[in-house]
Every structure is written in structure tokens, then in C-alpha cells.
Amino acid sequence: MVTFDTVFQEALGHLRAEQRYRKFRSIRMKPRSRPVAAWQKPDGTVQDVTVWCSNDYLGLSQHPDVQAAVAEGVELYGAGVGGTRNISGTHPAHIALEKGLADWHGKDAALLFSSGWVANLSALGTLGRVLPGCVIFSDAGNHNSMIEGMKRSGAEVRIFRHNDTRHLAQLLAAAPAGSSKLIAFESVYSMDGSVAPLREICDLAEQFDAFTYLDEVHAVGLYGPEGAGIAAREGVAARITMIQGTLAKAFGLVGGYISGSSAAVDTVRSYAESFIFTSSLPAYIAAGALTSLELLKTADPLRTRLFHQIAALRDGLQACAIPVIAGGTQVVPVLIGNAQQTARTSERLLEDHAIYAQPINYPTVPRGTERLRLTPSPQHSAAQINALVSALDRLATDIGWRKAQTRHPAPHAHHKASRHYATSPS
Ligand SMILES: *Cc1c(COP(=O)(O)O)cnc(C)c1O
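Think of each chain on its own: its residues are numbered from 1, step by step along the sequence as written. Only residues with pLDDT of at least 70 get local features here, since the model is predicted, and only at 80 or more are side-chain atom pairs given and counted; chain-wide, interface and lining totals rely on the full set of residues. Think of the side-chain values as coming from all heavy atoms in the structure, minus any hydrogens and water.

A short note on the site of the ligand
As a reminder, the rule being used: The nearness test applies per residue and asks whether one of its heavy atoms lies within 4 Å of the molecule or strand. Any N or O atom pair separated by 3.5 Å or less is treated as a polar contact, with the protein-specific requirement of one donor-capable and one acceptor-capable atom, and with residues adjacent in sequence counted only for side-chain atom pairs. Comment: elements are numbered from the N terminus, with helices defined as DSSP H or I runs of at least four residues and strands as E runs of at least two. Asp, Glu, Lys and Arg are counted as charged, while Ala, Val, Leu, Ile, Met, Phe, Trp, Tyr, Cys and Pro are counted as nonpolar; the rest, among them Gly, fall into the polar class.
In the vicinity of the ligand lie 15 residues, with Gly116, Asp215, His218, Thr246 and Lys249 positioned nearest. In this structure, an oxygen atom belonging to the ligand sits 2.6 Å away from a side-chain N or O atom of Thr246. Residue contributions to the shell around the ligand peak at three residues, all from helix α4 (residues 116–130). The residue makeup of the shell around the ligand, split by class, is three nonpolar, nine polar and three charged.

Here is the structure:
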């Protein structure tokens, strides 16, 4: 008889051998404690640690108004909705949030999903299927959720080098006559913090009549007027056909969305199985997100403080010759360039310095560019920044990765353009 567990152990053994078996760290945020959390160690003891890898960029998950809206929502509307959007699962809070998100992005309509991942899967999966003869032009650095959506759509996918508009122009020019073209890209790339050249991409899209699909997951709430994202900051939101976002990062909750023309959004609503056949977001989440949205519109002081802390961290790391990928966004990646050393550094930070930064490995990033992805927040203090910099300074010497800077001048320099970085391991 086959013992299936032997097969599973072997599969897991491959990941362990490559130092990319994922170990969850159990941490518990305490009331108003951000960025300090209680780490629940495997031996049952508990220790306070400073969290440096959360995407709750502004700390809104702990904002009293957001928490109150959620708590009140549970009481008023119940803990769950009890259905799909189509079958008793649409609540006025969903409608109000969709209207609020659409207005924020300057679009006609928006649609909520269980997560940002599901939003990308559903939208790209549907658009690539419905647009006749669709060819999708995809940035090599696109997130796994977009890759899965493109695969699901069955459309042909052509990958352009990360942020390389010359390469994109070549690929667009070479597309078959009569094909529908869709350009899929992010504004702030999640793992290296780079920003797409939005205006140039919009110019190309207009020249070649292409649909522009923009993932603003790491930008909504943080950039532009009222925090509406990089497209808003660059004044090109009206030129982007569809903007996708999440409620799980700067919004501090969970859930995802798309926004665009009424017909485009309605098509995704009407065709995407991953939207139709799943229960809707709890109404209390929608109520919390409406409160977050209002807070984000006037969160300039919080954003100013965030970017001040980002600059302080970046300056501190650079002063110690720590190999940090340069960029002006909230994602501050320390390039270690080797899975084993990255894992070791993360472990020592946690155990010796009470600092939590999860290692980022292949397939999330290309092999040889393993890193710690640091995310400051307005709540991180100068003392916490200094403690992190001096711990990393020490570990760079002890573990021996300071040299990574010269070995990897650019994060993507060694990567083939014909593949996505985040392709699932096969
Ligand atoms: C996190 C992330 C998503 C998925 O968002 P969730 O709401 O966490 O599912 C989508 N795109 C990018 C670029 C992301 O980093």
C-alpha cells in the first residue's frame, strides 16, 4: 500500500534542503502596542519583539475608529453574512464601500473580493478570457496573484523586463494583428519597492490601444492626494483602465477590490467564478474599511511621519554599508543574496535582538536575491530604528553578507526576462 505521507515528507524535504521551508512565527499584537508584539515561542514562553515586516503600513489595524467600526459592525450586522453576494450576501456596507472606493480612484464602479489575491485572480482571469484574442503583456516582477489570473484566463502572456518600457514597446509592436492587448503591472513592486513608469506605460497603451491593469496594493493609502495611490499622484488615474487594491495593507483590514468602468467591473462581477461562488466579505469588514477610507483621505500627517521614518532607516543602513536596495518607497529591502544566510540573520535578529523580520526566499524573489524586507511605520521610534540598524550591522559582519552589495549590483540583473520571478516552483 502507498504511504502517501512518505511522498509528502519527500516533497517537504526538498524545501528544507533549500532552506525555503516556511516557518510561521506566532505573534500577538496587543492593544495600541504596534510595532511591539508578543512572540509566542514554540516552548510556550512569550517575549516582546519589534515587528519589522508587517504590511499594516500605517498601523490602521489598531486605530480606535477602525476597531470601533468593526466592533459595532459585528453587533449590528452579525459575524458573517451567510451567503455569496448574489444569494443574501450583499449588505448596504458593501455597496457604500464600493461606491467610496470607485470615487476615490475616479472610476465609475468598484467590486469587493475576499482578498487582493482573489481580486487579481478573478479580474485577470476574466478579462483575458472575455477580450477577443487577448495577449497579456506582463511585467516580470508581477505578483503571484496576477500570474495565476493570467494563467487562468488562458490568454497568451508575454513578459517584459521589469519596468522596461522599451522592451514593452517591442513586444506590443510584435503582437498579432487584431489581438486585444492588456498590460498588467504594479505601481509599487512589493519585494524591491521599485515604482513603475506609469506615464510612459500609459503613453504606450494609448499608442497600441491596450487595456491597462494596475495593481496598487502597496500604494493605496500611502501616495498621492488623499492617499489614492501612485496613479493619482502622477495624475494618470483616468488613463488606467482598471485599478486593483487591497484592504489588508494600509487599510489595516482584509479583502481586495477592483475599480474601473461600469461595464468592465460588471463583466468581472458576472463571469468570475472566484467571485460568484464564494461568500462575501463580512459586513463589519466593509464597515471598518469605510472608516479606514475616510481616515486615509486625511492621513497626510501619518504619511509624513511614515516617510520620515523610512528615510531614517535607509540612511542608517546606508551609513553602515548594509546592502539596501535604493528606492523611495515604504519597502526597504536588505539584500543578503543567499537563503541560508538570510534565514540565519532572521533567526539571530529574533533570538538575540528581539527583532522580527521574516526571510524572503525563492519563489517570492529570484534565487540569489534572498532578502529581509523591512517595512517601517509611523509607530516605529528612532530608538527602534537604531536598534535594528546596529543589530544588522553586527550580523552583516558575523554572518558575512556585507559583500552581497558588490555581488548583486541590481536585484534583477541575473534574471531572464522570459519568466516571472514569482512563478510557482514546479
Ligand atoms: C499582497 C499582495 C496582493 C494580495 O493582496 P491580499 O489582500 O493580501 O490577498 C496582491 N498584489 C500584490 C502586489 C501584493 O503584494
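Having seen the model, we can carry on.
Quick look at the pattern of salt bridges
Spelled out, the test is: A side-chain nitrogen of Lys or Arg and a carboxyl oxygen of Asp or Glu constitute a salt bridge if their distance falls within 4 Å. The classification of residues rests on relative accessible area computed with a 1.4 Å probe and restricted to protein chains. Under 20% of the type maximum is buried, over 50% is exposed, and intermediate values are partly exposed.
Considering all chains together, one arrives at 22 salt bridges under this definition. For Lys99, the salt bridge is made with Asp103, and the minimal N-O distance between the two is 2.8 Å. With Lys99 and Asp103 both in helix α3 (residues 92–105) and four residues apart, the pair spans about one turn of that helix. The exposure class assigned to Lys99 is exposed, which follows from its relative accessible area of 53%. Judged by its relative accessible area of 49%, Asp103 falls in the partly exposed class. Between Lys297 and Glu294 there is a salt bridge, with the nearest N and O atoms lying 3.2 Å from each other. Placement of the pair is Lys297 and Glu294 together in helix α11 (residues 283–297), with a separation of three residues, close to one helical turn.

So, the layout of surface pockets
To keep things clear, this is the line we draw: For each structure, a 1 Å grid was placed over the protein atoms alone; sets of points admitting a 1.4 Å probe that cannot get out are labelled cavities, open sets with protein on both sides within 12 Å along at least five of seven lines are labelled pockets, and lining residues have an atom within 4 Å of a point. Grid points are joined across faces, edges and corners, and a volume is the space filled by probe spheres set on the points. As annotated, the domain borders come from an automatic or database domain assignment.
Estimated volume of the largest pocket: approximately 1300 Å³. What lines the largest pocket is a set of 45 residues, among which Arg22, Gln358, Pro359, Ile360 and Thr364 lie closest to the centre. Those elements that place two or more of their residues in the lining of the largest pocket are α13 (339–353), β13 (359–360) and β14 (371–374). A class-by-class count of the residues in the lining of the largest pocket yields 17 nonpolar, 16 polar and 12 charged. Each of domain 1 (27–58 + 299–395) and domain 2 (64–298) accounts for three or more of the residues forming the lining of the largest pocket. Its volume calculated, the second largest pocket comes out at about 310 Å³. Looking at the second largest pocket, it is lined by 17 residues, and the ones nearest its centre are Arg85, Glu98, Leu111, Arg269 and Phe275. Looking at the lining of the second largest pocket, the elements with two or more residues in it are α3, β4 (109–113), α9 (262–271) and α10 (273–276).

Considerations on the environment of Glu98
Here is the rule: Residue contacts follow a heavy-atom distance rule, with two residues in contact if any of their heavy atoms lie within 4.5 Å.
Within the secondary structure, Glu98 is located in helix α3. The buried category is assigned to Glu98, whose relative accessible area is 9%. Measuring from C-alpha to C-alpha, the distance between Glu98 and Ile258 comes to 9.1 Å, with 160 residues separating the pair along the chain. Residues contacting Glu98, with those up to four places away along its chain left out, are Arg85, Ala110, Leu111 and Leu112. There is a polar contact of 2.9 Å between the side chain of Glu98 and the side chain of Arg85.

Considerations on the sheet that holds strand β12 (residues 355–356)
How we decide: Note: two strands are recorded as paired if DSSP finds a minimum of 2 bridges between them.
If you walk across this open sheet you meet the four strands as β1-β2-β3-β12, and the pairing is mixed. Each of the sheet's edge strands pairs with one partner strand only, and the pair in question is β1 (26–29) and β12. Here strand β3 (residues 46–51) runs beside β12; their pairing, made up of two bridges, is parallel. Directly across from Thr50, in β12, lies its bridge partner Ile355.

So, the domain arrangement of the chain
Selection criterion: We define buried area as the total accessible area lost by two parts upon association, computed with a 1.4 Å probe and summed across both.
Annotation of the chain at the domain level lists domain 1 (27–58 + 299–395) and domain 2 (64–298). Taking the mean C-alpha position of each, domain 1 and domain 2 sit 27 Å from one another. Facing the 21 residues of domain 1 at the interface are 23 residues of domain 2. Around 1600 Å² of area is buried between domain 1 and domain 2 when both sides are counted, 55% of it from carbon and sulfur atoms.

Observations regarding helix α6 (residues 165–173)
This is how the line gets drawn: Summarising the geometry, the arc corresponds to the directions from the helix axis toward the C-beta atoms.
Buried within α6 we find Thr165, His167, Leu168, Leu171 and Leu172. One side of α6 carries all its buried residues, which in axial view fall inside an arc of 155°. Away from its buried face by more than 90 degrees, α6 exposes Arg166 and Ala173. Considering only its buried residues, α6 is in contact with β5 (134–139), β6 (156–160), β7 (180–186) and α7 (198–208). N-cap assignment for α6: the residue whose side-chain oxygen lies 3.1 Å from the backbone N of Arg166 is Asp164.

Regarding empty space enclosed by the protein
The final tally for this structure, using the stated rule, is one cavity of 30 Å³ or more. Space inside the largest cavity adds up to approximately 90 Å³. Forming the boundary of the largest cavity are Arg85, Leu112, Phe113, Ser114, Val118, Ser274, Phe275, Thr278, Ser279, Ser280 and Leu281. Its residues assigned to classes, the lining of the largest cavity shows five nonpolar, five polar and one charged.

Observations concerning α9
By the burial criterion, the buried members of α9 are Ala264, Val265 and Val268. Along the axis of α9, the buried residues cluster in a sector spanning 95°; they form a single face. The inward-facing, buried residues of α9 contact β4, α4, β9 (242–246) and β10 (256–260).

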